[in-house]
Amino acid sequence: MANTFEYKNFTDEKNYITLCSEVMAVRARGSSPLACIRTYGCQQNVADSEKIKGMLASMGFGFTENAEDADFILFNTCAVREHAEDRVFGNVGALKNIKRRHPSVIIGLCGCMMEQKHVTERLYRSFPFVSLVFGTHSLHKFPELFYNTVTYGGRVYETGVDDMTVYEGIPTLRDGTFKGWLPIMYGCNNFCTYCIVPYTRGRERSRRFEEVVSEARQMIEAGYKEITLLGQNVNSYGKNLEEKHTFAELLSEIDKIDGDYILRFMTSHPKDCSKELIDVIAGSRHISTHLHLPFQSGSNRVLKAMNRSYTREKYLDIVNYAKEKIPGVSLTSDIIVGFPGETYEEFLETISLIKEVEFTSLFTFIYSPREGTPAAKMDDPFSAEEKSRWFSELLKAQEEISARRCAAMVGSVCRVLVEEESKPGILSGRTSGNVIVEFPGDKSLIGQFKDVKVTKARNWILNGELA
Ligand code: 5AD
Ligand code: SF4
């Protein structure tokens, strides 16, 4: 199948960036305008915020963590679970007082929540001080939308657009100087029945192979030591490209670039996780030995109702192949407890799967109905209390597994990218398998790879010393 989407280079035809910088130079409360950007949800949102910051920096903005000081406050929102949405609404409500104290501040919302009609209707009704609202498909138009908001004085809403274009060349201001996100594709075609993402981020579109490889090369040349390739389902990368490429080929091409760096990726979907991919990881120079492979449920009936397109047996097949080919492979997963109609017996199949695989760690969620998804219309007979009891049971089972896996690492020497000073004199970083290690050391080591001898395990965190 040929491309069903287009590629365009980001252009600012009417010079909105310059126009915004002129207006904001006058309007700013301080000597230069300040923006406070808050990002909720997944790494894709973090990567989107880095583009928004890139555009704002081109307009002359500096950045602040303190909303009180800002001339522009933007929340980049997440719609994946109800809890995430509630937090956003709560925090937006709190901005009302800032707007009262500083009437010139511009308050905006963007991201996945803004692609849901019931959300934008509620915002329009209840939060009149929010003057800029745009969805995930309008990121490239941010300078124009921002200019319109600043000059028009009313509310600018741009949502519900379904744009099948991949925009290259949007200015990006990365949060980190040695760890960076690299989006390789956007959207998702899987329509897992519980998930809102295909509705908020649209159809799957892969970036061109050469663009991704060249951005990875630029990052490595700029000194990035950890690059994480991002997509909702990286294993289906390239399916719609005119010139066919697989994700395994992409990884293997980037891995050929010389340099001292580690290459990570997320998220993998088990239905598209090929043995070819595992072989590439096994034979690579830079790819982490960590595979985040969400299985969601250990019951074949529930997996079918979730539209996951694989079985427990197929999942175990891939996992066993990875264990055989990648020595010490570290596996992690996402799990949903309490999908509509899931019985306790079916939930126990999830417990038995985690015991069989022995994951390093898990991201666990209680099912949250999302308006507009098929699962939200399914019968959901079990109570929240019951689901919460199962959830605790799952956490307890995994705690034992994580503790055992970490304890088995005591005595080994791991190569760790030093990330931060977690307490005075104590550094922390992650192993290739993505396990956190803390050890004494000087903060001048941040951003470097160091060998660390593991001396102790504390549940899912390791303690060690420089080797
Ligand atoms: N309810 C609970 N968890 C969800 N996830 C996605 N949608 C929902 C939902 N409606 C979880 C899945 C996914 C992770 C990113 O979030 O486990 O892999
Ligand atoms: Fe959601 Fe499924 Fe797509 Fe992941 S693969 S983003 S869970 S629809």
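Residues numbered from 1 in each chain as written. Chains lettered and ligands numbered in written order. Predicted model: local features only at pLDDT ≥ 70, side-chain atom pairs only at ≥ 80, totals over all residues. Heavy atoms only, no water.

### Some points on the overall build of the protein chain
Selection criterion: Secondary structure is summarised from DSSP: a helix means a run of H or I of at least four residues, a strand means a run of E of at least two, and numbering begins at the N terminus for each. The atom set for the radius of gyration is the C-alpha atoms, and the globule formula is 2.2 Å times the number of residues raised to the power 0.38. Burial classification: accessible surface area is computed with a 1.4 Å probe over protein chains only, and a residue below 20% of its type maximum counts as buried, one above 50% as exposed, and the rest as partly exposed. In what follows, a contact means two residues having at least one pair of non-hydrogen atoms within 4.5 Å. Accessible areas in this description were obtained via Shrake-Rupley with a 1.4 Å probe; residue shielding takes into account the shown protein chains only. For the charge count, each Lys or Arg is scored as positive and each Asp or Glu as negative, with His and the chain ends excluded. Charge coordinates come from a single atom per side chain, which is NZ of Lys, CZ of Arg, CG of Asp or CD of Glu.
Each helix and strand in the protein chain was counted, giving 14 helices and 21 strands. For a compact globule of 467 residues, the expected C-alpha radius of gyration is about 23 Å, and the protein chain comes in at 23 Å, within 12% of that figure. Along the first, second and third principal axes, the C-alpha set of the protein chain runs to 60 × 55 × 50 Å. For the protein chain, the proportion of its 467 residues judged to be buried stands at 53%. By sequence separation, contacts in the protein chain at least 24 residues apart represent 76% of the contacts at least 6 residues apart. On the protein chain, roughly 20,000 Å² of surface is accessible, and the fraction owed to carbon and sulfur atoms is 50%. For the protein chain, the distance from the average position of its 57 positive side-chain charges to the average position of its 62 negative side-chain charges is 3 Å.

### Quick notes on the site of ligand 2
Heads up, the rule is: For this description, a residue counts as near a given molecule or strand if any of its non-hydrogen atoms is within 4 Å of it. Three classes are used: nonpolar for Ala, Val, Leu, Ile, Met, Phe, Trp, Tyr, Cys and Pro, charged for Asp, Glu, Lys and Arg, and polar for all others, with Gly counted as polar.
With respect to spatial proximity, the complete set of residues near ligand 2 consists of Cys188, Asn190, Phe191, Cys192, Tyr194, Cys195, Val197, Pro198, Gln232, His269 and Arg308. Its residues assigned to classes, the shell around ligand 2 comprises 7 nonpolar, 3 polar and 1 charged.

### Overview of the layout of surface pockets
Applied cut-off: Every definition here rests on a 1 Å grid over the protein atoms only: cavities are sets of points where a 1.4 Å probe fits but cannot get out, pockets are open sets enclosed by protein on both sides within 12 Å along at least five of seven lines, and lining residues have some atom within 4 Å of a point. Grid points are joined across faces, edges and corners, and a volume is the space filled by probe spheres set on the points.
When its volume is computed, the second largest pocket comes out at roughly 530 Å³. Around the second largest pocket sit 31 residues that line it, and Thr289, Arg415, Thr431, Ser432 and Gly433 are the ones nearest its centre. When grouped by side-chain class, the residues that make up the lining of the second largest pocket number 13 nonpolar, 11 polar and 7 charged.

### A closer look at the sheet that holds strand 21 (residues 461-466)
Strands in a sheet are paired, the pairing made by backbone hydrogen bonds, and the direction either parallel or antiparallel. For clarity, the cut-off: Strands are labelled as partners when DSSP assigns at least two bridges between them. Comment: axis = line fitted to C-alpha atoms, over the contacting stretch for helices; angle = value between 0 and 180 degrees taken between N-to-C directions.
If you trace the 5 strands once around the closed barrel, you get 17-18-19-21-20, paired in mixed fashion. Going across the sheet, the axis of each strand differs from the next one's by a mean of 50°, ignoring polarity. Across 6 bridges, strand 20 (residues 449-458) lies against strand 21 in antiparallel orientation. The residue bridging valine 454 from the neighbouring strand is glycine 464, located in strand 21.

### Points about the site of ligand 1
The cut-off we apply is this: Counted as a polar contact is a pair of N or O atoms within 3.5 Å, where, for protein atoms, one must be capable of donating a hydrogen and the other of accepting one, and residues adjacent in sequence contribute only when both atoms are in side chains.
Ligand 1 sits among Val80, Arg81, Tyr194, Gln296, Asp334, Ile336, Phe365, Ile366, Tyr367, Ser368 and Arg370. Between ligand 1 and the protein, one listed contact pairs an oxygen atom with a side-chain N or O atom of aspartate 334 at 2.6 Å. In the complex, the protein chains occlude 85% of the 410 Å² of accessible area that ligand 1 would expose alone. For the shell around ligand 1, the secondary-structure elements that each account for two or more residues are strand 15 (330-337) and strand 16 (361-366).

### A look at helix 8 (residues 209-221)
So the rule is basically this: Helix span is expected to be 1.5 Å times the residue number reduced by one. This arc corresponds to the set of directions leading from the helix axis out to the C-beta atoms.
Compared with an ideal rise of 1.5 Å per residue, which puts 13 residues at 18 Å, helix 8 spans 18 Å between its outermost C-alpha atoms and is within 8% of the ideal. For helix 8, the full list of buried residues reads Phe209, Val212, Val213, Glu215, Ala216, Met219 and Ile220. Taken down its axis, helix 8 places every buried residue within 160° of arc, on the same side. In the core, the buried residues of helix 8 are packed alongside strand 9 (179-183), strand 12 (226-230) and helix 9 (247-255). Following helix 8 by one or two positions, glycine 223 has its phi on the positive side, about 100°.

### What about the pairing of strand 20?
In regular strands, side chains alternate between the two faces of the sheet. Pairing between strand 17 (residues 413-423) and strand 20: 5 bridges, direction antiparallel. The residue bridging valine 413 from the neighbouring strand is lysine 453, located in strand 20. Turn length for the strand 20-strand 21 hairpin, with the two strands adjacent in sequence and antiparallel, is 2 residues, and the turn residue asparagine 459 shows positive phi of about 50°.

### With respect to the pattern of salt bridges
Applied cut-off: Salt bridge, as used here: a side-chain nitrogen of Lys or Arg that lies within 4 Å of a carboxyl oxygen of Asp or Glu.
This structure, assessed with the given rule, holds 25 salt bridges. Salt-bridge contacts for glutamate 253 lead to lysine 256; the nearest nitrogen and oxygen are separated by 3.0 Å. Among the residues examined, lysine 256 registers a relative accessible area of 52% and is labelled exposed. Between arginine 458 and glutamate 438 there is a salt bridge whose closest N-O contact spans 2.9 Å.

### Let's talk about the packing of aromatic side chains
In plain terms, the rule: Between 30 and 60 degrees the pair is tilted, below 30 it is stacked and above 60 it is edge-to-face, where a pair is any two Phe, Tyr or Trp rings, Trp via its six-membered ring, whose centres lie within 6.5 Å. Any Lys NZ or Arg CZ found within 6 Å of a ring centre and within 35 degrees of that ring's normal is scored as a charge over the ring.
Inspection of every chain in the model, using the stated rule, returns 22 aromatic pairs. Relative to phenylalanine 359, the ring of phenylalanine 295 has its centre 5.6 Å away and its plane inclined at 20°; by these criteria the two rings are stacked. Within this pair, whereas phenylalanine 295 is found in the loop between strand 14 (290-292) and helix 11 (300-305), its partner phenylalanine 359 is found in the loop between helix 13 (344-357) and strand 16, the two being separated by 64 residues in sequence. The same class applies to phenylalanine 295 and to phenylalanine 359, which are both buried. Consider the rings of phenylalanine 339 and tyrosine 367, whose centres lie 5.7 Å apart with planes at 70°: the pair is edge-to-face. Linking phenylalanine 339 in the loop between strand 15 and helix 13 with tyrosine 367 in the loop between strand 16 and helix 14 (384-407), this pair joins segments that are 28 residues apart in sequence. As far as the burial class goes, phenylalanine 339 and tyrosine 367 line up, both buried. Each member of the aromatic cluster is reached from another via a ring pair, and the members are Phe61, Phe72, Phe134, Phe142 and Phe146. If you follow arginine 415 out to its NZ or CZ, it ends over the ring of phenylalanine 449, 3.9 Å from the centre.

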